[in-house]
Every structure is written in structure tokens, then in C-alpha cells.
Protein chains: 2
Amino acid sequence: MRIVIIGSGNVATHLAFALKAAQMEVIQIWSNQYHNAVILANQVGAKAIHHLNEIDETADICILAVKDDAIAAVADQLAGFGGIVLHTSGSVNMDVFTSKVNDYGVFYPLQTFSKGKAVDFKVIPICIEAKDEHILKNIKQLAKQLSNTVVEVDSEKRQILHLAAVFACNFANHLYALSELLLKRNDLDLDLLRPLIMETAVKVQDAQPINVQTGPAIRNDEQTLKKHERLLSNEPQLLNIYQTLSESIKKMQK
Amino acid sequence: MRIVIIGSGNVATHLAFALKAAQMEVIQIWSNQYHNAVILANQVGAKAIHHLNEIDETADICILAVKDDAIAAVADQLAGFGGIVLHTSGSVNMDVFTSKVNDYGVFYPLQTFSKGKAVDFKVIPICIEAKDEHILKNIKQLAKQLSNTVVEVDSEKRQILHLAAVFACNFANHLYALSELLLKRNDLDLDLLRPLIMETAVKVQDAQPINVQTGPAIRNDEQTLKKHERLLSNEPQLLNIYQTLSESIKKMQK
């Protein structure tokens, strides 16, 4: 498969490397920051292009790994593309492509990517969707070369997945950040909590989170809850989060 | 070392196994539920006892792995104990032992324990504190046989650590649970998010959480934030958490 990648951010970068590793041919890369396209292109043996009208229209697939609100504008310039146009967004409906390009679909890798941090694509679920069955088959073929978990998910459910990922990933990371803030203010190091953070994630790999909940809220340990609230009396933002999440844990238990 | 364990819950169980594995002698176990003491005692070659007055007062250490609010009451009955009395709580001040027992301290393993789920004690930080230097030395000797990370932490800082652990562990797990709730209501499976949960925890093992924050809030992606709020319009509890944490992410960025 000959593939064009639009974008040079985290998703574009990790995808380009994974495609190359899977023996697929990334032929061109475009980015609104040309120098970033050059850097990435050099790493995967592709050619950086200055303008979207330079795209090789005979390529099999064009992957738009750009910001959500840029997808429509880029698609507007791909009317002549002969292959399949895909976006990689969790929250943008597939119909963003309607009446813009002929063959299209969605290729959403459910993972958090950071530059410079390698990930094993094989374990990343890829959620796919397509305009029709024929295109779906092609996207599935592509996805299966990268990952062991390829699932068909329509736009509506993909939005839910993306929202659930915000809770389980973005918000969880923010709690780690708040935790570190609290520790630093008291000359303590996050290293003391890092094993706990790992174990908390490991634990739910083969358990339901609701069944392994621990802590003062689930035990209805009012004494500790009050003690913690006192410790946070000068931190209104942290106190609010502490109370909101403790209440939510108690509610869920019922 | 000859050790008595009070309690038969998660901490008591994991501790008893770890002590045994480290070639220490767990001689007695007491629990307010005698049959649980018997089960655990049989597994580690100890003797279950019916009453606290049966404790072998010549043992080196007595570890109280009981509920926070039971520590004082148990300590009241250990006045004759000749060794060191320890509790394992993150939030109870060491002075709970003052004028109750002679030699005392704290032995707080910073981990989340679940029955039936093995943990590697070697990587668990153990926070210790003692009445005096001599006792501290003894506790340190015990702790170092179990873990590679032994740190002295006074009662005040231990409370902060415990509170920070509630954010990074208990609350993170609750977010996983909310995420699963949302998925289930839409016939989606948490399996799709499990690799993401792992990667989110792995990522902060050698990075600061604040530096690897992703998601719509940190990008100030108002379009996606609004979309998510609409998806949660019938879920006031989830919506409240979504808005509270998104605001907090934006604030922290500033």
C-alpha cells in the first residue's frame, strides 16, 4: 500500500513509524509546518510536500492526522484524490467527508501518543468505519497489519469511546498531576507514588474498576474524609475535586 | 524476627505472605473474625489466636493492620507487649500509641492491595517512623528485607502522602469505573480502553504528569468540550465531574 500522511504531530508521527515498520510505503507527508514534514519524511523515507495539490493522487490511502477542526478544510482540497481518505479523530463524525471526497472512512487508534515515547501499535485498538463495505475491507486490511485489535465502531459510538477515554486517560493523568502538586508543596516526591499509579492501572487490566475500588470514600470512612478536607482547606480547587469525586464514589456504590 | 500480625484484611494478608517469603517468622495472627485469622495463619505457618491477651509478649514486633479507627482500641490491650508495636495506616498519627505501649512506630506500605492479586513487595515504598532512633533502626531493618525503597516520613507528611495517593489511585480508579459505566450504557467494552489506561500510567513513570497532559481541555478545544458536555446532558453526575476536571486542567496550565 502506498500511503500519504497529512500532519506531523504525535498521531502522524507514531502512525508513520508503525506503517513503515509494517513494510508499508509512506510516500508523502504534508504538514502546515513544512519543516516538521521534512523531519518526519526523512525518518520514514517519504517526501515532504509544500502544498496539498502536490499529493500523488494515485496513492492508495491518504491519512488525515490533523487537528479536529482542520479535517474539513483539508478534505476540501482532496476532491481529486483517487484512493481512500481517512481521518484519525475520536470525536469527528465520518460525514465530515460527505460531498468532499469519493472514498472515505475513519481510522481511530485508541491510544495516547507523546513524541519521543515509543508505543507498541500491536496492542492499540484501532476503531474503523467506512463509507461502504468495500472500503471497510481495505481499511481493515491496513489496520490489521498494524494492530491485533481492529473493531468496527460507528461515529456515534466512537464519540462515546473518545469521551470515555477522556475520563480514563486525560482526567486520570490530571489527577496524577494534582497529586504531584500536593506532594511538591510538602517536599515529597512523586517517585513514592509511581509504583501505586502503575499497580492501579495494572489491577483493572483483568478486573472491573468498580470491584477494586479502595480508599476512604468507598469505606464510608468519614473520619479520614474529614481529615483530608481539613488538609485541603487552603486549596479550594483540590478540595472541590476531592469532594466531588468522593461523593461520586459513594453514589456509585449504591 | 518473630512477628505477630493483628488483622486479616488485604494489608495483613499481603504483609504476612511477604514476611514469610523474606524468611521471617509470623508466629501469631489475631483477627476480630477468628475464622479469617485461621485461614491466613494456615497459609503462613502461624497460629491463629482467639483473644488479644494470648499474644506472645516475647515476640519482636506486633503489626496492627486493622482499620484506622480500631488502632487505638487494639493498642490499649498491648500494654504488656515487650517488642515494637507498629501500625500500617497512612493517615493515623504515630501519637495514637503514646502512653499505651512502650516501643512503637509506623510501617506504611504505599500500595493498593486486593485479595487474590499478588504484588511485588520489593517495589513498594515503605514509609517508616518511630518513637526513637533505636526503634527506627529496627523497623528499617525489617522494612529493608521486604522492599528496595524504605523512607523515613513523619506523621504529618505521611498524611499528605496518603491524601496524594487518594488522588492518584482511588480517584483514578473511580474515573476508570465511570468510564466503564459510560461504555456499558452504549454497549461498548472497557477492553477497548485498557491499553490506554496502562499507557497513561506507564507514561508518568519517567515523566512529570503535567508535561504529558493530553485531551481537549489542555488544547483549549472548546468545540470538543461542548460536544462532550452535550453527550453528558442526561448524566448530571458525569457532567459535573467532566466540567470540574476540565476547568482544573485549564487552570493548572496557566
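What you see is a predicted model, and the numbers here were worked out from it, not measured in a lab.

Calculation criteria
Residues numbered from 1 in each chain as written. Chains lettered and ligands numbered in written order. Predicted model: local features only at pLDDT ≥ 70, side-chain atom pairs only at ≥ 80, totals over all residues. Heavy atoms only, no water. Least-squares fit on C-alpha atoms with pLDDT ≥ 70 in both. Pairing = 2+ DSSP bridges. Helix = DSSP H or I, 4+ residues; strand = E, 2+ residues; numbered from the N terminus. Axes fitted to C-alpha atoms, helices over the stretch in contact; angles between N-to-C directions. Contact = heavy atoms within 4.5 Å. Salt bridge = Lys/Arg side-chain N within 4 Å of Asp/Glu carboxyl O. Buried < 20%, exposed > 50% of the residue type's maximum accessible area, 1.4 Å probe, protein only. Buried area = accessible area lost by both parts, 1.4 Å probe. Polar contact = N/O pair within 3.5 Å; in protein donor to acceptor, adjacent residues only side chain to side chain. pLDDT = per-residue confidence, 0-100. Core = buried A, V, L, I, M, F, W, Y, C linked by side-chain atoms within 4.5 Å. Right-handed = clockwise from strand over helix to strand, strands pointing away. Expected span 1.5 Å × (residues − 1).

**A closer look at the relation of the copies chain A and chain B**
Then comes step 1: With an RMSD of 0.0 Å, chain A superimposes on chain B once it is rotated by 180° and translated 0.0 Å along the axis. What the rotation and shift describe, once combined, is the action of a two-fold rotation axis. Within chain A, Ala172 of chain A has its C-alpha nearest the rotation axis, a separation of 2.5 Å.

**Comments concerning the sheet that holds strand E5 (residues 84-87) of chain A**
Hydrogen bonds between backbone atoms are what pair the strands of a sheet, whose relative direction is either parallel or antiparallel.
All names here are of chain A.
Then comes step 1: Strand order in this open sheet of 8 strands is E3-E2-E1-E4-E5-E6-E7-E8, and the pairing throughout is mixed. In the strand order of this sheet, the two ends are held by strand E3 (47-49) and strand E8 (150-152), each with one partner. Between one strand and the next, the sheet's axes are offset by a mean angle of 25°, whatever the strand orientation.
Then comes step 2: As paired strands, strand E7 (residues 126-130) and E8 are joined by 3 bridges and run parallel to one another. Of the residues in E8, the one forming a bridge with Ile126 is Val150.
Then comes step 3: Here helix H4 (residues 133-146) sits on the sheet in contact with strand E1 (2-6), strand E4 (61-64), E5, strand E6 (103-109), E7 and E8, set at roughly 165° to E7.

**Here we look at the pattern of salt bridges**
Then comes step 1: For the structure on display, the rule yields 22 salt bridges over all chains.
Then comes step 2: A salt bridge links Lys100 of chain B to Asp76 of chain B, with the shortest nitrogen-to-oxygen separation between them at 3.4 Å. In this pair, Lys100 of chain B is assigned in the loop between strand E5 (84-87) and strand E6 (103-109) and Asp76 of chain B in helix H3 (residues 71-76), connecting sequence segments 24 residues apart.
Then comes step 3: For Lys100 of chain B, a relative accessible area of 24% translates into the label partly exposed.
Then comes step 4: If you follow the salt bridges from partner to partner, you end up with Glu222, Glu247 and Lys250 of chain A in one network.

**What about the interface of chain A and chain B?**
Then comes step 1: Counting from both sides, the interface comprises 88 residues of chain A and, opposite them, 88 residues of chain B.
Then comes step 2: Buried surface at the junction of chain A and chain B, both sides included, amounts to about 8700 Å², of which 68% is carbon and sulfur.
Then comes step 3: Where chain A meets chain B, there are 0 salt bridges.
Then comes step 4: For the pair chain A and chain B, the interface holds 32 residue pairs in polar contact (both at pLDDT 80 or more).
Then comes step 5: Listing elements by their share of the side of chain A that touches chain B, those giving two or more residues are helix H5 (155-184), helix H6 (194-203), helix H7 (222-231) and helix H8 (236-253) of chain A.
Then comes step 6: Here the side of chain A that touches chain B takes 27 residues from H5 of chain A, the largest share from any one element.

**Observations concerning the confidence of the model for chain A**
Detailed conclusions should not be drawn from predicted coordinates in areas where pLDDT is low.
Then comes step 1: Within chain A, residue pLDDT values average 95, and 100% of them lie at 70 or more.
Then comes step 2: In the predicted complex, the global pTM is 0.91; the interface-specific ipTM is 0.91.

**So, the sheet that holds E5 of chain B**
All names here are of chain B.
Then comes step 1: In space, the 8 strands of this open sheet follow the order E3-E2-E1-E4-E5-E6-E7-E8, with mixed pairing throughout. Strand pairing shows two members of the sheet lacking a second neighbour, strand E3 (47-49) and strand E8 (150-152), which therefore form its edges. With strand direction ignored, the average angle separating the axes of adjacent strands in the sheet is 25°.
Then comes step 2: Taken together, the 3 bridges between strand E2 (residues 25-30) and E3 define a ladder with parallel strand orientation. When the bridges of E3 are listed, Ile29 appears paired with Ala48.
Then comes step 3: Sitting on the sheet, helix H1 (residues 10-21) touches strand E1 (2-6), E2, strand E4 (61-64) and E6, and the angle it makes with E1 is about 165°.

**So, the nonpolar core**
Then comes step 1: Counting residues in each nonpolar core, the largest one holds 129 residues, and the members touching the most others are Phe167 and Leu193 of chain A together with Ile6, Leu64, Phe167 and Leu193 of chain B.
Then comes step 2: Ignoring anything within four residues of it in the chain, the contact list for Phe167 of chain B reads Leu175, Leu178, Ser179, Leu182, Leu232, Leu238, Ile241 and Tyr242 of chain A together with Ala172 of chain B.

**Points about the pairing of E5 of chain B**
Residues and elements named next belong to chain B.
Then comes step 1: Burial along E5 is two-sided: the residues Ile84 and Leu86 and Val85 and His87 are all buried.
Then comes step 2: Taken together, the 4 bridges between E4 and E5 define a ladder with parallel strand orientation. Residue pairing in the sheet places Ile61 in a bridge with Ile84 of E5.
Then comes step 3: As a crossover connection, the stretch from E4 through H3 into E5 is right-handed.

**Observations regarding helix H1 (residues 10-21) of chain A**
All names here are of chain A.
Then comes step 1: The end-to-end C-alpha separation of H1 is 17 Å, in line with the 16 Å expected for 12 residues at 1.5 Å each.
Then comes step 2: If you check which residues of H1 are buried, you get Ala12, Thr13, His14, Leu15, Ala16, Ala18 and Leu19.
Then comes step 3: Along its buried surface, H1 packs onto E1, strand E2 (25-30), helix H2 (34-44), E4, E6 and H4.
Then comes step 4: Following H1 by one or two positions, Gln23 has its phi on the positive side, about 65°.

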